[in-house]
Every structure is written in C-alpha cells, then in structure tokens.
Amino acid sequence: MSPPFYRDWWLAAALTSTALPVGIAQAADIPTPVGVVTALSPSSTPADGSNTLHVGSDLTPGMRLHTQSDSPLHVLFLDQSALTLGPDSELTIDEFSYDADAQQGQIRLGLNKGSLRIVGGHISKNNAAVITTPDATVEVLGGITLVSVSGGATQSTFFCLANKCG
C-alpha cells in the first residue's frame, strides 16, 4: 500500500488532466483586443448597452459602438490607426487583423449611422481600410478620411499631405 501522499498526487494529476483542457478552451474563447478607447464623453457605450466604456477599455472584433448626441469617442488601433466616432453614431468593428512584424493586416468597419474620421496607420499604407455603410463602401489607403451617413446617403472626404499625394 502506498503512502497517502502518492494517492493524493495521483488524484491531483487525474483532476488536473481533465480540468486543464477546459481551462485552455475557455481562455481561447476570449477575443484578442485590437484597439483601446483613448478619449470619450461619459455617455458613450457599446450598442448593446452591456457595459460602459472608459478610457483604456479594450475593443475587439465584432464589437458594436454607439455614441449619444453629445458624446464623441476616440479609438487607437494596434496598427496606430486612429478613429474618432462622431456624436449620434453607430459603428461595428467587423474585422481587424494585424501582423506587427510585417506591419500588414486588414481593417473592416461598418458605419450604420453618423460620422467618423479615420487617420490611417500601418495597415492602410499597404491595404485599404474598408468602411461599409448601408448604401456604400469606402476604401481608405493612407491619409485621413471623413465618412458620414445621413438620410440614405454616404459622404466621404479624403485629406492627405501635399507632398504625399500622387
């Protein structure tokens, strides 16, 4: 008969081997943050109202953001793209992937209503950032772009530095 220590060790090993895969699976379900809130007015929230955003809140793909009539929101993405969501706006982060070593990736956003300003980061230097609205698709390759959705129309304005435009 083995001492109690060995019986406890085998029991612990058996429990760990069954609990460990569950713990790993749960950790894999946690979405990877793709950006962070850098400034906001107090009434900015995720569209589903699940929690209140604050400076430092992580943003993940699939997240829907909604601002009130007096509450713009500013976001910095991992590739150094900066986005300002205007008052009374709704935005979805449809896709964000980024390889920091290669400075390559993809940004896809859905602007359902309102306005946004995006300042391109590393991704948009090589691949266009895509902003989809209910009636248009805007692709941004570098530079600064304003996009607004109002009354069934999409308006977009592109800004760039004089020495950087073709």
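Conventions used here
- Residues numbered from 1 in each chain as written.
- Predicted model: local features only at pLDDT ≥ 70, side-chain atom pairs only at ≥ 80, totals over all residues.
- Heavy atoms only, no water.
- Helix = DSSP H or I, 4+ residues; strand = E, 2+ residues; numbered from the N terminus.
- Buried < 20%, exposed > 50% of the residue type's maximum accessible area, 1.4 Å probe, protein only.
- Contact = heavy atoms within 4.5 Å.
- Areas by Shrake-Rupley, 256 points an atom, 1.4 Å probe, with all protein chains shown as cover.
- Pairing = 2+ DSSP bridges.
- Phe/Tyr/Trp six-rings, centres within 6.5 Å; stacked < 30°, edge-to-face > 60°.
- Patch = residues over 30% accessible without salt bridge, like charges linked within 9 Å, V, L, I, M, F, W, Y side chains within 5 Å.
- Salt bridge = Lys/Arg side-chain N within 4 Å of Asp/Glu carboxyl O.

A. Structural detail: the overall build of the chain. Along the chain, the regular secondary structure elements total two helices and 12 strands. When the helices and strands of the chain are read in sequence order from the N terminus, they spell out α-β-β-β-β-β-β-β-β-α-β-β-β-β. When each of the 166 residues of the chain is scored for burial, the buried share is 31%. Here the analysis covers contacts within the chain between residues at least 6 apart in sequence; of these, 39% occur between residues at least 24 apart. Carbon and sulfur atoms provide 58% of the accessible area of the chain, an area that totals close to 9600 Å².

B. Inspection of the pairing of strand β5 (residues 73-77) at higher detail. Here β5 shows a buried face lined by Leu-73, Val-75 and Phe-77 and an unburied face lined by His-74 and Leu-76. Here strand β1 (residues 35-40) runs beside β5; their pairing, made up of five bridges, is antiparallel. When the bridges of β5 are listed, Ala-39 appears paired with His-74. Bridging between β5 and strand β6 (residues 82-85) involves four bridges; their strand directions are antiparallel. From the neighbouring strand, Leu-76 faces β6, where its bridge partner is Ala-82.

C. The arrangement of the packing of aromatic side chains in detail. Within the structure shown, the criterion is met by two aromatic pairs. Ring plane angle 15° and centroid distance 5.3 Å describe the contact between Phe-77 and Phe-96, whose orientation is recorded as stacked. With a gap of 19 residues between them, Phe-77 in strand β5 and Phe-96 in strand β7 (residues 90-99) connect regions that are remote in the sequence. We classify Phe-77 as buried; its relative accessible area is 3%.

D. Region of interest: a nonpolar patch on the surface. Taken together, the side chains of Ile-144, Leu-146 and Phe-159 define a hydrophobic patch exposed on the protein surface, amounting to about 230 Å² of accessible area. Mapped onto the elements of the fold, Ile-144 is located in strand β11 (residues 144-150). For Ile-144, a relative accessible area of 33% translates into the label partly exposed.

E. Main features of the pattern of salt bridges. Taken as a whole and judged by the stated rule, the model has two salt bridges. Here Asp-88 and Lys-113 are joined by a salt bridge, their closest N and O atoms 3.3 Å apart. Highlighted residues: Asp-88 in the loop between β6 and β7 and Lys-113 in strand β8 (residues 104-119), separated in sequence by 25 residues.

F. Fine view of the pairing of β7. Where strand β4 (residues 64-66) meets β7, three bridges bridge the pair, whose relative direction is antiparallel. Paired with His-66 across the strands is Glu-90, a residue of β7. Note that β7 and β8 share nine bridges and pair antiparallel. Bridged to Ser-97 within β8 is Gln-106. Taken together, β7 and the strand that follows it, β8, pair antiparallel across an intervening segment of four residues, in which Gln-103 is found at a positive phi of about 50°.

Interpretation in functional terms is not warranted from these geometric data alone.
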